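Chain by chain, the residues run as shown.
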Amino acid sequence: MLAAAFPLSAKGECVTCDGCEPRVALRTNMLYDAALTPSLGLEAGFARHFSVAADAVAAWWSNDSRHRYWRICGGLLEGRVWFGGYGRKRALTGHHIGIYGSIHTFDFEFGGTGYQSPRMTYGAGLGYGYSFRISGRLNLDLGIKGGYSAGRQIKYRPECGSYVAVRRSFHQYWGITGVEVTLVWFPGRGRNNHPDYL
């Protein structure tokens, strides 16, 4: 009776419990990394079909003598639903759809005109992606996000050793808000936090 209620693998491990244990992965979007905007995230998967991902980006590059700034800081929180056959065999694998919210602040200038957010810029929307296995504990997640973002923005230019505001506005945007080529790593040893289900 006990064996029927809790099926065991060939190694005597509980198959039912293995699918219930959360899987945790560290993530980095390599597109952001290539744009000199380091990203780091954490994703936790539950009950084979649900996950929550939190990602952060930060870059604070500047060259004052040439009036060049590449500064951004912010984060994103996304809830995901996983579907398809791969998700039943391996955590955080296969097709997924999600809903997200984000906050960012930025300052971009390239030697002429600059754009800065004096306060946080907020965003929300939907995401779709597909994640596949590339090795035992590594996945590659390809995705796209679309939605709405809004926040106050200052357009400025450098003049006589200071920065002059040219225009202040409330900026709104509908459309593509993100693209992902994300490397996903499941830390651990042996069966501990292994993405493959028994």
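It should be noted that the structure appears before, not after, this text.
Nothing here was measured: the structure is a model prediction, and the numbers come from that model. (Residues numbered from 1 in each chain as written. Predicted model: local features only at pLDDT ≥ 70, side-chain atom pairs only at ≥ 80, totals over all residues. Heavy atoms only, no water.)

A. Region of the structure containing the nonpolar core. Membership of the largest hydrophobic core is limited to 7 residues, which are Ala-25, Trp-82, Ala-91, Leu-92, Val-184, Phe-186 and Tyr-197. Dropping the residues within four chain positions of it, Trp-82 is found in contact with Glu-43, Arg-48, His-49, Phe-50, Ser-51, Leu-92, Thr-93, Gly-94, His-95, His-96, Ser-131 and Asp-141. (Core = buried A, V, L, I, M, F, W, Y, C linked by side-chain atoms within 4.5 Å. Buried < 20%, exposed > 50% of the residue type's maximum accessible area, 1.4 Å probe, protein only. Contact = heavy atoms within 4.5 Å.)

B. Here's a closer look at the pattern of salt bridges. Inspection of the entire model under this criterion finds 11 salt bridges. The salt bridge involving Arg-80 is made with Glu-180; its shortest N-O contact spans 3.4 Å. Taken as a pair, Arg-80 in strand E4 (residues 68-83) and Glu-180 in strand E9 (residues 162-185) lie far apart in primary sequence, 100 residues in all. Using a relative accessible area of 8% as the deciding quantity, one classes Glu-180 as buried. In this structure, the salt-bridge partner of Arg-90 is Asp-196, at a minimum N-O distance of 2.8 Å. Of this pair, Arg-90 sits in the loop between E4 and strand E5 (94-110) while Asp-196 sits in the segment after E9, and the two are 106 residues apart along the sequence. For Arg-90, a relative accessible area of 5% corresponds to the buried category. Where salt bridges share partners, they join Arg-27, Glu-43, Asp-55, Glu-78, Arg-80, Asp-141, Lys-145 and Glu-180 into one cluster. (Salt bridge = Lys/Arg side-chain N within 4 Å of Asp/Glu carboxyl O. Helix = DSSP H or I, 4+ residues; strand = E, 2+ residues; numbered from the N terminus.)

C. Spatial organisation of the pairing of strand E2 (residues 39-46). Direction of pairing for strand E1 (residues 23-29) relative to E2: antiparallel, over a ladder of 5 bridges. When the bridges of E2 are listed, Leu-26 appears paired with Leu-42. One ladder, built from 8 bridges, connects E2 with strand E3 (residues 50-63); its direction is antiparallel. By the bridge assignment, Ser-39 is partnered in E3 with Val-57. Hairpin connection, E2 to E3: the antiparallel pair is bridged by 3 residues, and Ala-47 has positive phi, about 50 degrees. (Pairing = 2+ DSSP bridges.)

D. Representation of unusual backbone geometry within the structure. One non-glycine residue, Leu-36, lies in positive phi territory at about 60 degrees. Residue placement: Leu-36 occurs in the loop between helix H3 (30-34) and E2. Although it is not a glycine, Arg-48 sits at a positive phi angle of roughly 70 degrees. Positionally, Arg-48 belongs in the loop between E2 and E3. Under the relative-accessibility criterion, Arg-48 is labelled partly exposed at 23%.

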